Every structure is written in C-alpha cells, then in structure tokens.
Amino acid sequence: MIHLFSDRIVRPDAERSIASGLMTIDNNVIQALDWTVTDIQTAQAAVEDTVFDARDYLVTPAFINGHTHLAMCAFRGLNVEAMDGNVVEELYFRLEGLLSAEDVRAFTRMGAYESILSGVGGVWDHYYHAEAVAAGLADVGLTGVIAPTLQDLNGPGMPQLEAQLEATESIATSEKWRQAGIGAALGPHATDTVSDDLWRRIGDLAQKHDLVIHTHAAQSIEEYSRNMTHHGSSPIERLDRLGILDAGRGVLLVHSLFVTQSDLARLRPERNILGYCPYSQVQFCFPAEAEAWWAAGQPIVVGT
C-alpha cells in the first residue's frame, strides 16, 4: 500500500478543482482520498506507514492518447523528402510490410516509454502483430486498448487478417491482458482497404463481443475518391449503409479530413467519436476541420 500527500491533487468533481489531500493506493488502484489532510505532518500522523511527500507536484489523472501507432516511433528519422504523396500507401505500407513481430514489440516498447514520460497512462493503439503490441505495452506497464489492423483489399495486413482477427478475440477475452490493463477493439484499417464483406464480419464481431470499432475514415482524398467510384458514397455514408455506425459499443473514426456536413449529420454523437490527430493529418494533407465537428456537437478525442 502507498500513501501519497500533495498540495495539488485534482479533485474528481465537475470543476476539477485542486486541493491538498492524502491519497491511498493499493495494487495500483486509488482506494481513498482524504481531503481533511492539509499538510505533510498531518498526513504522516494519519497513517502508520511511510507517506510519499509529493507536495510540490501536481497529482492528476494521466492523459489518454486517443489514437496511436506506437511502433511507428521507429520511423521518426525518415527524411522529410520521403513524406510526399500518399504517405500511408507509398511509404508506410512498404516499411510495415518488412516488420516482424519482434520488431513491433521492441518499437512499441520505445513508444510506450515515451508515452509514460509525457504523462500518458493509456493509449488506443491500432497496428499489425497485435499480440506483440500487447506484450510491448505490458513490458513497460502502459495500459491500452489494442485494435489489431484488419485489411483484405490492400496493405501489409492482408496476410495477417485471420491471425489479427484471432488476436482481437484473444486479447478481448484474456484475463492476463485484463489484469495488465490491456483490452481490445476491432481495427479495420480504412474504408478503402476493407471490403463490404469484411466490414459486415467486423460488425458481427463487434456485436458478439460488445467491442468498439477503431478505424481510419476519410483520411485521404484517394480513400474518399475510391468510395465514391466503387460505392457511390462517401466513406461515412458507406459505413452508415453497412450498419457499422450502430455496431458494437461504438465507433472511433480517426482523421476524417474529408468529412462533409452531410456526413456529420449522419453520425450518432452518443455512439460515434471523431479522432483528431493534427500532426499526422498534416502529413496526409491538412488538419481536419475540428471547429466544424465542435459546432455539430460531435465528441472528439485527441491522438498523435
């Protein structure tokens, strides 16, 4: 059991006020908060144990990074000249096709360390070799929800499809991963790399296991154009027609650069959340119009 005193603990109230207090932690869970304790001497007298003196530190809930590919931290040194065109298909797919599960675990570990150093306590990660991602998080002690990348039309995940689907169910039902603070979501890559048949399969699995669907949507002009050409609809409209927007526990739609007002009107704020990742969105084209999302009353998460 750990006892911690701080002059600046963020209170779990609507105003997120800050106050002095004594925090008791057992087995990584906050068990008690005593707001009557206002100094370290009183805190020490209140418990028959050592009190960690954090009076000069802000004690606050950790950040949650709403969309990550932690293993891609290894790509950070790429020459800026390589970041041209459709960076996902022309660059990342080529590199990711060369990664082994061992590579992904090692690189995920690096990204997880960086997350903790930045005050991030939980991530929503979407990547290949999902079991290796889970192991990398556990190696470091970072919690997260892993969406194993699913593709059947294009991309390096095509040969891994069945293994990634199995990993999704395995992580979702594993007591070992639950104890480590690791869960699963369904991870269709994007609307132009996933067929209607696979989308329907994903929708059925979301219902069966009550899982969130975590996907890229309308992230590039190529994706938008392919949907219009092959399906006669925008990516969001296609997902709506397929029943995906109502599947499972909800849908996290990341990037969404090419989402129209008509698309926004189709979203269910109580079930559909948009993911805003400005740095990576600049790589695709431009930052998404988050102001329009806010004006539409659409819930938003921030990711990297």
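Treat the numbers as computed from the prediction; the structure is a model and nothing was measured.

As a further point, take the overall build of the protein chain. In terms of regular secondary structure, the protein chain is built from 12 helices and 14 strands. Computed over the C-alpha atoms, the radius of gyration of the protein chain is 21 Å, within 12% of the 19 Å expected from 2.2 N^0.38 for a compact globule of 304 residues. Long-range pairs, those at least 24 residues apart, make up 66% of the contacts in the protein chain between residues at least 6 apart in sequence. Element-wise, carbon and sulfur atoms account for 54% of the exposed surface of the protein chain, whose accessible area totals about 14800 Å².

Here we come to the side chain of Thr 149. With respect to the secondary-structure elements, Thr 149 resides in strand β8 (residues 143-150). Reaching out from Thr 149, the side chain makes a polar contact with the side chain of His 126 at a distance of 3.0 Å. Those residues within four positions of Thr 149 in sequence are excluded, and the remaining contacts are His 126, Tyr 127, Tyr 128, Gln 164, Gly 187 and His 189.

We now examine the sheet that holds strand β13 (residues 272-276). Pairing is parallel across the open sheet formed by 4 strands, whose spatial order is β11-β12-β13-β14. A strand with exactly one partner marks an edge of an open sheet, and here the two such strands are β11 (212-217) and β14 (300-302). For this sheet, the mean angle separating the axes of adjacent strands, direction not counted, is 25 degrees. Note: β11 against strand β12 (residues 250-255), 6 bridges, orientation parallel. Bridging across to β12, Ile 213 finds its partner in Val 251.

This part takes up the nonpolar core. One finds Tyr 127, Leu 137, Ile 146, Ile 171, Leu 186, Ile 213 and Leu 253 to be the most contacted residues of the largest nonpolar core, which totals 64 residues. With 7 residues, the top contributor of residues to this core is helix α4 (residues 130-140). If near-sequence neighbours (up to four positions away) are discounted, Tyr 127 is found in contact with His 69, Ala 71, Met 72, Phe 75, Glu 96, Leu 99, Val 104, Val 133, Ala 147, Pro 148, Thr 149 and Gln 164. Listed in part, the 7 residues of the second largest apolar core include Phe 5, Leu 22, Ile 40 and Val 47.

As for its position among the elements, Gln 298 is in the loop between α12 (290-295) and β14. Within the local environment of Gln 298, its side chain forms a polar contact with the backbone oxygen of Asn 272, the two atoms lying 2.4 Å apart. Contact partners of Gln 298, with chain neighbours within four places excluded, come to Leu 267, Pro 269, Asn 272, Ile 273, Leu 274 and Trp 293.

Rules and cut-offs
Residues numbered from 1 in each chain as written. Predicted model: local features only at pLDDT ≥ 70, side-chain atom pairs only at ≥ 80, totals over all residues. Heavy atoms only, no water. Helix = DSSP H or I, 4+ residues; strand = E, 2+ residues; numbered from the N terminus. Rg over C-alpha atoms; globule rule 2.2 N^0.38 Å. Contact = heavy atoms within 4.5 Å. Areas by Shrake-Rupley, 256 points an atom, 1.4 Å probe, with all protein chains shown as cover. Polar contact = N/O pair within 3.5 Å; in protein donor to acceptor, adjacent residues only side chain to side chain. Pairing = 2+ DSSP bridges. Axes fitted to C-alpha atoms, helices over the stretch in contact; angles between N-to-C directions. Core = buried A, V, L, I, M, F, W, Y, C linked by side-chain atoms within 4.5 Å. Buried < 20%, exposed > 50% of the residue type's maximum accessible area, 1.4 Å probe, protein only.

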